[in-house]
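What the coordinates show
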Amino acid sequence: MTYANPTKYGLVGLFAVLGILAIINAPADTASGFLSGRMLDLHLVLELFAIVIAALVVTVSWHTFDRQKDSSANALLAGFVVVMGCDLMHALTYEGMPPFLTESSTPQAIFFWLMGRSFEVLTLGALALGLAPHWSRSVLLGIGLVVLVATIAVGSYGLDLFPTTFVPGVGVTPFKAGYEYVLTGLNGLLALLLWHKAKRERSRQHALLAFSCLFMGLGGFAFTAYVTPSDFQNVVGHLYKVGAYALLYRATFIASIQAPYAALQASEALVRESQARMNTLGANLPHSVLYQVVLEPDGHRRFTEVSDSVERVCGVRVADVLRDPVAMYGSIHPDDMASLAATEQRCTETLQVFDCEARFCRPDGSVRRMHMVSAPRVLDGGLIVWDGLLTDVTDRIEAQEARRQLEQQLSEAQKLESIGTLASGIAHDFNNVLAAILGNAHMAREDLKGGNPADVALSLDQIIKASDRARNLVDRILSFSRRDAARRQVQPLLPMLSESLSLLRSTLPAGVQLIECIDNPEASAEIDRTQFEQVLLNLCTNAWHALGDQGGRIEVGLDTVVLGAAAAMPLGLLPGRHVHLWVQDNGSGMDDQVRQRIFEPFFTTKPVGKGTGLGLSVVHGIVRSHDGAIGVHSQPGQGTRFDIFIPAPPGGVVPATGPGAAAQCDAGRGQGERVLLVEDDLLMSAMLEKLLVRRGYRVSHHSEPEQAMAAVRADPQAFDIVVTDYNMPQHSGLDVITAIRRLRPGLPTILVSGYVSDELRARAAAQGVHHVLEKARALDELVNLLADTLRPAGAQVAEA
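Counting restarts for each chain: residues are numbered from 1 in the order of the written sequence. Side-chain atom pairs in this predicted model are given and counted only at pLDDT of 80 or more, local residue features only at pLDDT of at least 70, and totals for whole chains, interfaces and linings cover all residues. Excluding hydrogens and water, the side-chain figures rest on all heavy atoms present in the structure.

1. Details of the overall build of the protein
- Within the protein one finds 27 helices and 19 strands.
- The proportion of buried residues among the 800 residues of the protein is 44%.
- Across the protein, contacts joining residues at least 24 apart in sequence account for 69% of those joining residues at least 6 apart.
- By element, 59% of the accessible surface of the protein is carried by carbon and sulfur atoms, the whole surface being about 40,200 Å². Secondary structure elements are taken from DSSP: a helix is a run of H or I of four residues or more, a strand is a run of E of two residues or more, and numbering for both begins at the N terminus. Partly exposed describes any residue whose relative accessible area lies between the buried limit of under 20% and the exposed limit of over 50%, with all areas from a 1.4 Å probe on protein chains only and scaled to the type maximum. Contact between two residues is taken to exist if any of their heavy atoms lie within 4.5 Å; hydrogens are not considered. Every accessible area reported is derived by Shrake-Rupley at a probe size of 1.4 Å, with residue values counting cover from the shown protein chains alone.

Next up, the structure:
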């Protein structure tokens, strides 16, 4: 609180000085008629008023709010306990008062008067000089009481040790007058010091203390020349003392009561304003709810704060939630209660951040998905308070799902574009394969007629090699075009790179060189193979188109690098080991304007009909989804280089997996087991039947599913295993297996299909199918799968 207008204080000081000058120069018998016979009573009233003010100063100082901040209260507490006691003894020992400890007398009253003024000066001096002690109030009060008791003892029983201060009929002695002048001078110095401090700190408290010292000092002049205690100057001097005390109390009240109270009011206003802002913020959150829930030791939960937005977001009223937490928790979808309760229990035990999603059933019948996150605080008594935010993320999840579907459609559309680009090369490869198969088959038949078995065997070997090449080509096409869900696993990148480049080589014209730069053939990363095949084919196709009709060179490299912070941060990566895959060409390159837009969907520099502008956008999305980064460096006429960085797995290199045990060794021959073969393709069924019979199995083949089911219906125990094609007219292989399982539960089954997707594997597993086999690998793996299914490893060991 700042001090008031200095002009106001100046006028008050001026009138105080003029008043004391008038009092000093007035005759001693002024107002003697009024004072005669009333002096004792008037003196007692004035002193009691001063004692009450001194007591208020002590009381207020004792109850100061912040004693460490307002150290003046410490000095006033200790000093004015003594001042109050001295004033009380001065009133009780005034001449004419009944005996107290000893006979009352004017010298005794003057002693306590001087002691009271002395401790008043010492107290205010300590306050002005910043020497107030920082002890506890009990210690300060005790010190003040000890000093007071000692002062009373000296004034009551050792007054002869103190110089004479009053002589009856003569008046005050020079010692007493000099003592008063010293006190007056000290009060004047304190007034100047405190006024300077008030101006520097703009403190109203110090300004009032300065005027208290001024009034006390001016009043001292009135006590230097009276002859009898009833003189006019003595009486009016007491009025100055009362005025000084009143100013002192006012200063103490401002510092100890009024200022803290004003600060408290301001703080409460800030709290109310802050609370109003928080209420407004909570009420205006479009999709979120601020809440505070208390978890008591007995497991009972209660909401202590809920923002008004809960009615808009969750459809429940604030009052209902605060009264009964079931209004909120009862809205949680029953299927989500178990997971939410488990998460809450775990977070309560570990005091970790609660983060969970659950479905809320609104009163209007709609179901919304809510994301809840809250942080715990432990209060006294074991209470756990969770301060949290509930957000309706339904629209966001639906938007993410729509985005995912659009991205999938975008990726599939780009795959079709890539397949169209590779179509001529694929057709060329297939024609070569078919020519090799047909040519060697005709030559084998001629050699067979001519009786040349060695040449027949050679032609058959060439047919098998050509067929393997055709099978691998089909596998690569299916792998690239499949729509299975992304499956990431840590794997070496070299096999993926080699197969993708093999598919690409059949497409590139003779004038384009495709060069492999494999610096680390064992580089591994957690990737989805199909997606990265698409990345590689897109980048290489883009490089091929950049070369134009004149041809050129495309380099594809693979390595493992360690990126430091300086290299990783611009790419948005964390420092550490990364797999580095790059594609570089020496084609036309691009300028900065084109380079900044190449990853935008549908942006292309190719003529209409030559590209959709999706290839590099898909590449960018796949790389980012693998927590990687892609960079591009290009200059017009100097070619283009794409650098892809994927975080390397912590375990380092993952060796390439070789063929499984089933493909490496030939299982034991059949032991006459009965196989029900269901296959509508006569060429395929004839080959499989001949293969199984050669390996010791008894085969019953049916080309129609109804015939196969009728055979099982006639004798459910007639077969040991069922091998069925998946894609057949009228009934699928899964339909056949389901029908046969009704007739004979537990009958082993193997499903064969020309195209095996993740969805088909999942459906087959759900129906208990033992194995799902691709037709292209039936010749190599079917016999081994039969042995594994009919005679598990443990049984084979026992038979051996």
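2. Re the side chain of Glu120
- Relative to the helices and strands, Glu120 resides in helix H5 (residues 106–128).
- Note that His is not counted, nor are the chain ends; the positive residues are Lys and Arg, and the negative ones are Asp and Glu. Only one rule defines a salt bridge in this text: a Lys or Arg side-chain nitrogen within 4 Å of an Asp or Glu carboxyl oxygen. An unpaired buried charge is present at Glu120: no salt bridge exists, and Arg117, the closest side chain of opposite charge, is 4.8 Å distant.
- The residues contacting Glu120, other than those within four sequence positions of it, are Phe80, Val83, Asn187 and Met216.

3. Quick notes on the pairing of strand E10 (residues 524–528)
- Most of E10 is tucked away: four of the five residues are buried.
- Note: two strands are recorded as paired if DSSP finds a minimum of 2 bridges between them. Relative to E10, strand E8 (residues 488–492) runs antiparallel, the two being bridged by five bridges. Looking at the pairing, Gln489 lines up with Ile527 of E10.

4. A few points about unusual backbone geometry
- A positive phi is found at Asp627, a non-glycine position, where the angle reads about 60°.
- Positioned with a positive phi, Gln730 is a non-glycine residue whose angle comes to about 70°.
- Topologically, Gln730 is positioned in the loop between strand E17 (721–725) and helix H24 (733–743).
- For Gln730, a relative accessible area of 67% corresponds to the exposed category.

5. Description of a nonpolar patch on the surface
- Distance thresholds for patches are 9 Å for like charges and 5 Å for nonpolar side chains (Val, Leu, Ile, Met, Phe, Trp, Tyr), applied to residues having over 30% relative accessible area and no salt bridge. A cluster of nonpolar residues, Leu11, Leu14, Phe15, Val17, Leu18 and Leu21, forms a patch on the protein surface that exposes about 570 Å² of accessible area.
- Structurally, Phe15 can be placed in helix H1 (residues 6–25).
- Judged by its relative accessible area of 60%, Phe15 is exposed.

6. Some words on the packing of helix H17 (residues 529–547) against helix H20 (residues 615–625)
- Throughout, an axis means a line fitted to C-alpha atoms (over the contacting stretch in the case of helices), and angles, computed between N-to-C directions, take values from 0 to 180 degrees. The contact between H17 and H20 brings their axes to 9 Å, and the two run at 145°. Here H17 and H20 pass one another in a crossing that is left-handed. Touching Gln531, Phe532, Gln534, Val535, Asn538, Leu539 and Asn542 of H17 are Gly615, Leu616, Val618, Val619, Ile622 and Ser625, all from H20.
- Each residue is assigned to one class: nonpolar for Ala, Val, Leu, Ile, Met, Phe, Trp, Tyr, Cys and Pro, charged for Asp, Glu, Lys and Arg, and polar for all the others, Gly among them. For the contact of H17 with H20, the class distribution of residues is seven nonpolar, six polar and no charged. Crossings are classed by handedness, with left-handed meaning an anticlockwise turn of the near helix from the far one by less than a right angle and right-handed meaning a clockwise turn.

7. What about the confidence of the model for the protein?
- Summary of the metric used: pLDDT quantifies the predictor's per-residue confidence within the range 0 to 100. Residues with a pLDDT of 70 or more make up 82% of the protein, whose mean pLDDT is 80.
- Within the model, the stretch residues 656–667 combines pLDDT values under 50 with 11 contacts to residues more than four positions away or in other chains.
- Long-range and interchain partners of residues 793–800, a stretch whose pLDDT sits below 50, account for five contacts in this model, where long-range means more than four residues apart.

8. Regarding the pattern of salt bridges
- Scanning the model with the defined rule gives 17 salt bridges in all.
- Here Asp320 makes a salt bridge to Arg317, at a shortest N to O gap of 3.1 Å.
- Its relative accessible area of 19% is what places Asp320 among the buried residues.
- The class for Arg317 is partly exposed, based on a relative accessible area of 47%.
- When the shortest N-O distance is used, the salt bridge between Arg368 and Asp395 registers 3.3 Å. Pair noted here: Arg368 is in strand E6 (residues 367–378) and Asp395 is in helix H14 (residues 394–450), with a separation of 27 residues, a long-range link.

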